[in-house]
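# Coordinate analysis (summary)
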Protein chains: 2
Amino acid sequence: MVTKSRLKLIKSLSRKKNREQHQLFVVEGYKSIQELTQTNLELEQILVKDGNHHLDHLNVELISKKEMDQISMMKTAPGYLAVFKIPEELDLPNDELVVALDDIKDPGNLGTIIRMCDWFNVRHIICSLETVDVYNPKCVQASMASLGRVSIHYIDLKEYLKKQKLPLYATAMNAPSVYKTTLPKNGILLMGNESAGVSPELLQMGNTISIPSYGAFSTTESLNVATATSILLAEWRRSTIEK
Amino acid sequence: MVTKSRLKLIKSLSRKKNREQHQLFVVEGYKSIQELTQTNLELEQILVKDGNHHLDHLNVELISKKEMDQISMMKTAPGYLAVFKIPEELDLPNDELVVALDDIKDPGNLGTIIRMCDWFNVRHIICSLETVDVYNPKCVQASMASLGRVSIHYIDLKEYLKKQKLPLYATAMNAPSVYKTTLPKNGILLMGNESAGVSPELLQMGNTISIPSYGAFSTTESLNVATATSILLAEWRRSTIEK
């Protein structure tokens, strides 16, 4: 039996300040929950809508459809909701490829970037303090199980970059083509805010790169930041591992 | 003065069969409309919510907020709605890089793929008959002005591929790495359905390629089809143009 106050607490986790207070976040959906339980994330509780199949080998608690609809953060409640503990931040890496994000605001973009980092074996993402919260439900949804395999650090990005010895590559329009650049094996790929790009004071701190366009693409348009990150991570791994 | 029957017709364009009957589709949003009017697409009408700024150099008709809310296909009506003619299909290309899509179902994915094709100067996309309609409002939204610069063809994909002389490269899990493949300058990049991938009978018709994963990514997971298309188009252009 799940108490009303517990359900209220879970529902309150849709807001960042409550997630921070309780150090908990919510994941919804059968597949995401099952995959996240196979990572290092610490599971607190799984709630399943009465009548749904249980999850194999996992302890679940049943709640009514009405209760599930009340606490779900999705338009249509998938009927599976898990509460995980927010993991402690690991030490910052200093000898691998990392991605740094300067004020990414869209949770779907952050989620996709986490997923792509997982695919390309980037284990740490350094976020500016103004970047959207990674435990935002939309971000959790988009990142799927990759959230359990990639560490996210929130930090004063300028201070971090000042102290870094890893070479920095920030994306900027009209910067040299990534294909004309010899990327090092380890370094920092810095991606910018959806509208403003990387802030000028950070751009000055290292190299800049861009993805060339081959078409009649309007110069006022740019690639979506998650797509650009995907292309650049693929090229980074290709040019330093595959060659 | 915009008549009620005209507003009703515009609203009906949210459905594919009505778009096909009238050979019209709808675009919403100031920026998308302004950019699409600069392409070869033929504009039929622009409606602006009374009180909004007009669009420079374009004839617009004013309607009330209530009327705009009624005909808008978006959650929050941006206040700018244009009706364009569906363009006639151009001849199929036979000596360039083209993208073929086998039953892509998500309009956001198709829109993103159109945008990426525009960026990488792919002028034609060949869609299977079961692929989502390109004039679906969500697809129009995601593709932005690129819709006016990339031609979309709906065709029996198997028949098309049978007759093609261009080399075919279909994506498949566990296929040879794209980085170990020498891609030709011109060819067909075939991407598959979000769940099922490229259908087996089409996979047999040519080469297969994949994007290697470098992490501990679960083998049951795969890249989003729009992201995978972006990475493969970038690599196609890099390896045939940049080298």
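Residues numbered from 1 in each chain as written. Chains lettered and ligands numbered in written order. Predicted model: local features only at pLDDT ≥ 70, side-chain atom pairs only at ≥ 80, totals over all residues. Heavy atoms only, no water.

The geometry of two aromatic rings is summed up by the distance between their centres and the angle between their planes. All names here are of chain A. Under the counting rule described, the total for this entry stands at ten aromatic pairs over all chains. Ring geometry for Tyr169 versus Trp236: centroids 5.5 Å apart, planes at 90°, classification edge-to-face. Separated by 67 residues along the polypeptide, Tyr169 in strand S8 (residues 168–171) and Trp236 in helix H9 (residues 225–242) bring together distant segments of the chain. For Tyr169, a relative accessible area of 8% corresponds to the buried category. One aromatic cluster is present, built from ring pairs that chain together Phe25, Phe84 and Tyr135. (Phe/Tyr/Trp six-rings, centres within 6.5 Å; stacked < 30°, edge-to-face > 60°. Helix = DSSP H or I, 4+ residues; strand = E, 2+ residues; numbered from the N terminus. Buried < 20%, exposed > 50% of the residue type's maximum accessible area, 1.4 Å probe, protein only.)

With that settled, consider the environment of B:Lys66. Residue and element names in this part refer to chain B. Counting through the fold element by element, Lys66 comes out in helix H4 (residues 65–71). Take Lys66: its relative accessible area is 61%, and that puts it in the exposed class. Along the primary structure Lys66 and Lys49 are separated by 17 residues, whereas in three dimensions their C-alpha atoms are 8.9 Å apart.

The subject of this paragraph is the sheet that holds strand S3 (residues 61–63) of chain A. All names here are of chain A. An order of S1-S4-S2-S3 is seen for the four strands of this open sheet, with the pairing classed as mixed. Bordering the open sheet on either side are strand S1 (24–28) and S3, each of which pairs with just one other strand. Going across the sheet, the axis of each strand differs from the next one's by a mean of 25°, ignoring polarity. The pairing of S1 with strand S4 (residues 80–85) spans five bridges and is antiparallel. When the sheet's bridge partners are listed, Phe25 is paired in S4 with Phe84. In this fold helix H1 (residues 4–12) packs onto S1, strand S2 (43–49), S3 and S4, with an angle of close to 105° to the strand it touches most, S2. (Pairing = 2+ DSSP bridges. Axes fitted to C-alpha atoms, helices over the stretch in contact; angles between N-to-C directions. Contact = heavy atoms within 4.5 Å.)

This part takes up the packing of helix H5 (residues 107–119) of chain B against helix H9 (residues 225–242) of chain B. Residues and elements named next belong to chain B. Between H5 and H9, whose axes approach to 9 Å, the crossing angle comes to 15°. Judged by the angle between their axes, H5 and H9 are roughly parallel. In the crossing of H5 with H9, the sense of the turn from one axis to the other is right-handed. Residues Asn109, Thr112, Ile113, Met116 and Cys117 of H5 touch H9, and the partners they reach there are Val225, Ala226, Thr229, Ser230 and Leu233. For the contact of H5 with H9, the per-class residue count stands at six nonpolar, four polar and no charged. (Parallel < 35°, antiparallel > 145°, perpendicular 65-115°, else oblique. Left-handed = near helix turned anticlockwise from the far one by under 90°. Nonpolar A, V, L, I, M, F, W, Y, C, P; charged D, E, K, R; others polar.)

Once that is clear, we can look at the domain arrangement of chain A. Residue and element names in this part refer to chain A. Annotation of chain A at the domain level lists domain 1 (4–85) and domain 2 (98–242). Centre-to-centre separation of domain 1 and domain 2, based on C-alpha positions: 30 Å. Contacts between the two partners involve 15 residues from domain 1, matched on the other side by eleven residues from domain 2. Where domain 1 touches domain 2, the interface holds one salt bridge. Listing elements by their share of the side of domain 1 that touches domain 2, those giving two or more residues are helix H2 (16–22), S1 and helix H3 (30–36). Take the side of domain 1 that touches domain 2: its biggest share by element is four residues, from S1. Classifying every residue of the side of domain 1 that touches domain 2 by side-chain character gives seven nonpolar, four polar and four charged. (Domains from an automatic or database assignment. Salt bridge = Lys/Arg side-chain N within 4 Å of Asp/Glu carboxyl O.)

On the surface, A:Lys75, A:Lys138, B:Lys75 and B:Lys138 cluster together into a patch of positive charge. Relative to the helices and strands, B:Lys75 is located in the loop between H4 and strand S4 (80–85). Classification of B:Lys75 by relative accessible area gives exposed; the value is 78%. (Patch = residues over 30% accessible without salt bridge, like charges linked within 9 Å, V, L, I, M, F, W, Y side chains within 5 Å. Areas by Shrake-Rupley, 256 points an atom, 1.4 Å probe, with all protein chains shown as cover. Lys, Arg positive; Asp, Glu negative; His and termini not counted. Charge placed at Lys NZ, Arg CZ, Asp CG, Glu CD.)

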